[in-house]
Amino acid sequence: MNRKDFIALSSLGFLGLYTCGTSNMMNIRKPLAIQLYTVRDAISDNLEKALEKLVKLGFNQVEIYGYDGTFFGKTRTEFLAILKNVGLEVISSHHTTGIVHNTKGTLLNDWEKSVEDLHFIGSKYMVCSYLFEEERTLEYYKKLPELLNQSGEITKKAGIEFAYHNHDFEFGKFDEITVYDFILDNTCPDLVKMELDLYWMAKAGLNPLIYFERYPKRFPLWHVKDMKAGTKDFTEIGNGTIDFKTIFEAREKAGLKHWFVEQDSSDKDMFDSLKISADYIAKNNFFK
């Protein structure tokens, strides 16, 4: 921590939070986490107001997106102060590879600085979140495990775990090999974990329990979102077809540590949708 950051945090009464990575309040409350991409429009309008609305719905942990050297246009000290003020902690952060869009905050553009800033705000995980369509080629798939391993080596030095987040395209094949399996088989389990998006795996027609058996303890992070019958559109948790009860019964085999509510789109106001999901979660013990 540099002197400027130290002074800023001291003035906020914030050094205790920075040292331990979480506040006492966070330790007392049951965790309920969300991927902030769910409320991206509200965040673009007013970051603090959006976060305050999430807290009112019961959320106290977040996974962030869009780090580009700043956090939603805020310095790391400013963003950490906002988190404290509203009562949220960052568990994880999403990043792209930088292969096609080599912007700040990507795996290939000064990754060490990204890790330093995420460590500063207390994040436990950093995640490769998405491959752009131009990156989904045989050439890039073959190089991907090495890039993921290298990224994980750097995060590990800062005490941060690294993971890869799936969509449905990873369950396609090249040379008769499933891309997702190729990533799992060719990355180091100690350096690269998986953030399993339950919706996208279900949309691809695959069973996560099979993967938990084949790759135990590789799935510490989950995205929990539901899928409408018929259209397979996104919907509120509990209003769709995914059997969360059975999946959560296998949480130990999977190695689950944290999971995030996410809903990419809604036919309602997004905060109304989140209330439906939060209420369903509160009524179902298998989420606890």
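As shown above, the structure is provided for reference.
What comes next is a walk through the structure.

Here is what the cut-offs are and how they apply
Position numbers for residues start from 1 in each chain and track the written sequence from start to end. Totals for whole chains, interfaces and linings use every residue, but because this is a predicted model, local features are given only for residues with pLDDT of at least 70 and side-chain atom pairs only at 80 or more, for both listing and counting. Only hydrogens and water are set aside; all other atoms, that is, all heavy atoms of the structure, feed into the side-chain values. A pair of strands is considered paired only if DSSP assigns at least 2 bridges between the two. The way it works is that DSSP assigns letters per residue, a run of H or I at least four long becomes a helix, a run of E at least two long becomes a strand, and they are numbered from the N terminus. Lines fitted to C-alpha atoms define the axes here, with helix axes fitted over just the stretch in contact, and angles between the N-to-C directions of these axes take values from 0 to 180 degrees. The contact definition used throughout considers only heavy atoms, calling two residues in contact when any of these lie within 4.5 Å. Nine residue types can take part in a nonpolar core, namely buried Ala, Val, Leu, Ile, Met, Phe, Trp, Tyr and Cys, and a core is a set of them joined through side-chain atoms within 4.5 Å. Residue burial is assigned from relative accessible area. The probe radius is 1.4 Å, only protein chains are included, and a residue is buried under 20% of its type maximum, exposed over 50%, and partly exposed in between. For this analysis, a polar contact is any N or O atom pair within 3.5 Å, provided that within protein one partner can donate a hydrogen and the other can accept it, and provided that sequence-adjacent residues contribute only side-chain to side-chain pairs. Angles below 35 degrees are treated as roughly parallel, those above 145 as roughly antiparallel, those between 65 and 115 as roughly perpendicular, and all remaining angles as oblique. Should the near helix be turned anticlockwise from the far one by less than a right angle, the crossing is left-handed, and should it be turned clockwise, the crossing is right-handed. Centre distance within 6.5 Å is the pairing criterion for rings of Phe, Tyr and Trp, where only the six-membered ring of Trp is used; planes under 30 degrees apart are then read as stacked, over 60 as edge-to-face, and the remainder as tilted. Distance and angle both matter: a charge sits over a ring if NZ of Lys or CZ of Arg is within 6 Å of the ring centre and within 35 degrees of the ring normal. Throughout this entry, Asp, Glu, Lys and Arg are counted as charged residues, while Ala, Val, Leu, Ile, Met, Phe, Trp, Tyr, Cys and Pro are counted as nonpolar. The remaining residues, Gly among them, count as polar. Viewed with both strands pointing away, a crossover whose connecting path from the first strand over the helix to the second turns clockwise is right-handed. Working rule for helices: expected span equals 1.5 Å times residues minus one. Only one rule defines a salt bridge in this text: a Lys or Arg side-chain nitrogen within 4 Å of an Asp or Glu carboxyl oxygen.

**A short note on the sheet that holds strand 8 (residues 193-197)**
So, point 1. Around the barrel, 8 strands lie side by side as 1-2-3-4-5-8-9-12; this closed barrel has parallel pairing. Put simply, the sheet's adjacent strands are angled 30° from each other on average, direction ignored.
So, point 2. Relative to strand 5 (residues 161-165), strand 4 (residues 125-128) runs parallel, the two being bridged by 4 bridges. Bridged to C128 within strand 5 is Y164.
So, point 3. Against the sheet, helix 7 (residues 111-120) makes contact with strand 2 (61-64), strand 3 (89-95), strand 4 and strand 5, and its axis sits at roughly 140° relative to strand 4, the strand it touches most.

**Structural notes on the nonpolar core**
So, point 1. Ranked by size, the top nonpolar core spans 79 residues in total, and within it L36, F219, W222 and W259 carry the most contacts.
So, point 2. Judged by nonpolar contacts, the second largest core, of 7 residues, contains A33, Y125, A163 and L221.

**Focus on the side chain of D197**
So, point 1. Of note, D197 is situated in strand 8.
So, point 2. Residue classification places D197 among the buried residues on the basis of a relative accessible area of 0%.
So, point 3. Looking at D197, its side chain comes within polar contact range of the main-chain nitrogen of W200, at 3.1 Å.
So, point 4. Setting aside its immediate chain neighbours within four residues, D197 contacts H165, N166, H223, K225 and E262.

**A look at the packing of helix 7 against helix 8 (residues 138-157)**
So, point 1. Interaxial distance between helix 7 and helix 8 falls to 10 Å at its minimum, and their mutual angle equals 40°. The angle between helix 7 and helix 8 places the two elements in the oblique class. Regarding helix 7 and helix 8, the two cross each other, and that crossing is right-handed. Judged by residue contacts, W111, E112 and V115 of helix 7 engage S151, I154 and T155 from helix 8.

**A look at the packing of aromatic side chains**
So, point 1. Tallied over the full model, the rule gives 27 aromatic pairs.
So, point 2. Ring geometry for F171 versus Y180: centroids 4.8 Å apart, planes at 45°, classification tilted. Here F171 and Y180 have matching classes, each one buried.
So, point 3. Taken together, a centroid distance of 5.0 Å and an interplanar angle of 75° make the contact between W222 and F248 edge-to-face. Of this pair, W222 sits in strand 9 (residues 221-224) while F248 is found in helix 12 (residues 244-248), placing the two residues 26 residues apart along the sequence.
So, point 4. Under the relative-accessibility criterion, F248 is labelled buried at 2%.
So, point 5. The ring of Y211 has R214 lying over it, and the distance from NZ or CZ to the ring centre is 5.4 Å.

**A word on the packing of helix 5 (residues 47-56) against helix 6 (residues 76-86)**
Between two packed helices, what matters for the description is the angle formed by their axes and the separation of those axes.
So, point 1. Two elements in contact, helix 5 and helix 6, have axes whose closest approach is 10 Å; the angle formed by their N-to-C orientations is 35°. Handedness of the crossing formed by helix 5 with helix 6: right-handed. Between helix 5, through L47, E48, L51, E52 and V55, and helix 6, the contact on the second element is made entirely by F79, I82 and V86.
So, point 2. Its residues placed into classes, the contact of helix 5 with helix 6 shows 6 nonpolar, no polar and 2 charged.

**Regarding the pairing of strand 5**
So, point 1. In terms of burial, strand 5 is a largely internal element, 4 of the 5 residues being buried.
So, point 2. With helix 8 bridging strand 4 and its parallel neighbour strand 5, the resulting β-α-β unit is right-handed.
So, point 3. Sheet topology note: the strand 5/strand 8 ladder contains 3 bridges and is parallel. If you follow H165 over to strand 8, its bridge partner there is E195.

**Side note on helix 14 (residues 270-283)**
So, point 1. Relative to the 20 Å expected for 14 residues at 1.5 Å per residue, helix 14 spans 20 Å between its end C-alpha atoms, a close match to the ideal helical length.
So, point 2. Tucked into the core, helix 14 has its buried residues touching strand 1 (33-35), helix 4 (40-45), helix 5 and strand 12 (258-261).

**So, the pattern of salt bridges**
So, point 1. Evaluation of the coordinates by the stated rule reveals 14 salt bridges.
So, point 2. A salt bridge links K225 to D264, with the nearest nitrogen and oxygen atoms 2.6 Å apart. One end of the pair, K225, is in the loop between strand 9 and strand 10 (226-227); the other, D264, is in the loop between strand 12 and helix 14, and 39 residues separate them in sequence.
So, point 3. The class of K225 is buried, set by a relative accessible area of 1%.

**Considering unusual backbone geometry**
So, point 1. Of note in the backbone geometry, D110 takes a positive phi value of approximately 50° without being a glycine.
So, point 2. The residue D110 is located in the loop between strand 3 and helix 7 in this model.
So, point 3. One non-glycine residue, D175, lies in positive phi territory at about 50°.
So, point 4. Owing to a relative accessible area of 55%, D175 belongs among the exposed residues under this scheme.

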